[in-house]
Amino acid sequence: MNIPNALSIMRLILVPVFVRVFFSDMPYAKAAAAGIFLLAGLTDMLDGRLARKYNQITVLGKILDPLADKLMVASALMSLCLAGMIPPLFAYIYVIKESIQIIGSSILYKRLKDMPPSNIWGKAATFSIYAAVTLTMLVTIPKAAIWFLYGCCTLLVLGAFSSYITVGIRLFKESIK
């Protein structure tokens with residue numbers, strides 16, 4: 001077990017911790033949940049950098065890293081939705097997109113025995129969601145601003161989805177030649 005994979009496992013463990021803290025009655029629960037969410041985001045960046053820098057990229061890491069990220073973000077969006085802090089539409093779009101992407105990645109992995117890396121669209125979408133979710137947990141945002149903020153995130157998510165679909169189709173076509 002290398003450090004990047006251990007960090008991904010830690011992020012998986014943080015998902016239920018985040019949900020528990022978010023819905024708790026403790027003082028400053030949303031701020032504490034925002035801290036947990038940010039910690040997950042920072043370890044996501046750190047594990048990728050460490051894996052690349054020390055050549056510790058593994059098949060397990062290629063699965064755990066995006067899975068931990070997807071589960072944390074989906075849990076945060078669904079929690080905000082259930083708490084009435086954001087409209088359900090944004091959480092639903094994210095969960096549906098990620099579900100389709102997981103299925104597509106599984107098919108690609110089975111065919112290629114490898115996973116395509118994330119790209120700038122995916123990184124921008126992830127960063128925007130982390131910023132929006134954290135901001136939403138820390139301050140009260142007017143409803144119109146929520147729609148604008150999460151609308152921008154959704155456009156980036158859909159842009160990332162489009163780019164991953166394009167790459168996936170190209171890689172799949174190349175694999176059958």
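Computed from a predicted model, the values in this text were never measured in an experiment.

Calculation notes
- Residues numbered from 1 in each chain as written.
- Predicted model: local features only at pLDDT ≥ 70, side-chain atom pairs only at ≥ 80, totals over all residues.
- Heavy atoms only, no water.
- 1 Å grid on protein atoms, 1.4 Å probe; cavity = no way out; pocket = protein on both sides within 12 Å on 5 of 7 lines; lining within 4 Å.
- Points joined across faces, edges and corners; volume = space filled by probe spheres on them.
- Helix = DSSP H or I, 4+ residues; strand = E, 2+ residues; numbered from the N terminus.
- Nonpolar A, V, L, I, M, F, W, Y, C, P; charged D, E, K, R; others polar.
- Patch = residues over 30% accessible without salt bridge, like charges linked within 9 Å, V, L, I, M, F, W, Y side chains within 5 Å.
- Areas by Shrake-Rupley, 256 points an atom, 1.4 Å probe, with all protein chains shown as cover.
- Salt bridge = Lys/Arg side-chain N within 4 Å of Asp/Glu carboxyl O.
- Buried < 20%, exposed > 50% of the residue type's maximum accessible area, 1.4 Å probe, protein only.
- Axes fitted to C-alpha atoms, helices over the stretch in contact; angles between N-to-C directions.
- Parallel < 35°, antiparallel > 145°, perpendicular 65-115°, else oblique.
- Left-handed = near helix turned anticlockwise from the far one by under 90°.
- Contact = heavy atoms within 4.5 Å.
- Core = buried A, V, L, I, M, F, W, Y, C linked by side-chain atoms within 4.5 Å.
- Phe/Tyr/Trp six-rings, centres within 6.5 Å; stacked < 30°, edge-to-face > 60°.
- Lys NZ or Arg CZ within 6 Å of the ring centre and 35° of its normal.

K.L.:
Is there a simple way to think about empty space enclosed by the protein in this case?
P.N.:
Taken as a whole and judged by the stated rule, the model has one cavity of 30 Å³ or more. Empty space within the largest cavity amounts to approximately 60 Å³. If you go around the largest cavity, the residues you meet are Leu 77, Phe 90, Ile 93, Tyr 94, Ile 129, Tyr 150, Cys 153, Thr 154 and Val 157. Put simply, the parts of the chain that give the lining of the largest cavity at least two residues each are helix 4 (88-112) and helix 6 (143-175). With four residues, helix 6 is the largest single contributor of residues to the lining of the largest cavity. Split into classes, the residues belonging to the lining of the largest cavity amount to eight nonpolar, one polar and no charged.

K.L.:
Whenever I open this one, the environment of Leu 67 confuses me. Can you help?
P.N.:
Relative to the helices and strands, Leu 67 is located in helix 3 (residues 59-82). Each C-alpha atom of the pair Leu 67 and Thr 140 lies 30 Å from the other, and the pair is 73 residues apart in sequence.

K.L.:
What's the story with a nonpolar patch on the surface in this structure? I'm lost.
P.N.:
Taken together, Met 1, Ile 9, Ile 13, Val 17 and Leu 60 make up a surface patch of nonpolar side chains, about 470 Å² in accessible area. When residues in the nonpolar patch are grouped by element, the largest group, three residues, is from helix 1 (residues 3-22). By secondary structure assignment, the location of Leu 60 is in helix 3. Classification of Leu 60 by relative accessible area gives partly exposed; the value is 43%.

K.L.:
Could you clarify how one ought to interpret the packing of helix 2 (residues 29-53) against helix 5 (residues 120-138) in this entry?
P.N.:
Helix-helix packing: each pair is described by the crossing angle between the helix axes and the interaxial distance. Put simply, helix 2 and helix 5 touch, their axes get as near as 8 Å, and they point 165° apart. When the axis of helix 2 is compared with that of helix 5, the two are roughly antiparallel. In the crossing of helix 2 with helix 5, the sense of the turn from one axis to the other is left-handed. For the pair helix 2 and helix 5, contact is made by Lys 30, Ala 31, Ala 33, Ala 34, Phe 37, Leu 38, Ala 40 and Gly 41 and by Ile 129, Tyr 130, Val 133, Thr 134, Met 137 and Leu 138, respectively. By residue class, the composition of the contact of helix 2 with helix 5 is eleven nonpolar, two polar and one charged.

K.L.:
Explain the nonpolar core to me, please; I cannot follow it from the model alone.
P.N.:
Side chains of a nonpolar character, in soluble globular proteins, are inclined to be buried together. Of all hydrophobic cores here, the largest spans 34 residues; its most connected members are Phe 18, Phe 37, Met 72, Leu 77, Val 133, Met 137 and Tyr 150. Where this core is concerned, the elements lending two or more residues are helix 1, helix 2, helix 3, helix 4, helix 5 and helix 6. Counting residues per element, this core draws most heavily on helix 3, at seven residues.

K.L.:
Teacher, can you tell me more about the packing of aromatic side chains here?
P.N.:
Aromatic rings considered in pairs are described by the distance between their centres and by the relative angle of their planes. A complete count under the given rule lists six aromatic pairs for this structure. Seen from their ring centres, Phe 37 and Tyr 130 are 4.2 Å apart, and the 20° between their planes marks the pair as stacked. With Phe 37 in helix 2 and Tyr 130 in helix 5, this pair connects stretches of sequence that are 93 residues apart. Judged by its relative accessible area of 0%, Phe 37 falls in the buried class. Take Tyr 130: its relative accessible area is 8%, and that puts it in the buried class. One aromatic cluster in this structure is built from Phe 18, Phe 22, Phe 23, Phe 37 and Tyr 130. The ring centre of Phe 22 lies 4.4 Å from the NZ or CZ of Lys 30, which sits over that ring. Sitting over the face of the ring of Phe 172, Arg 111 holds its NZ or CZ atom 5.4 Å from the ring centroid.

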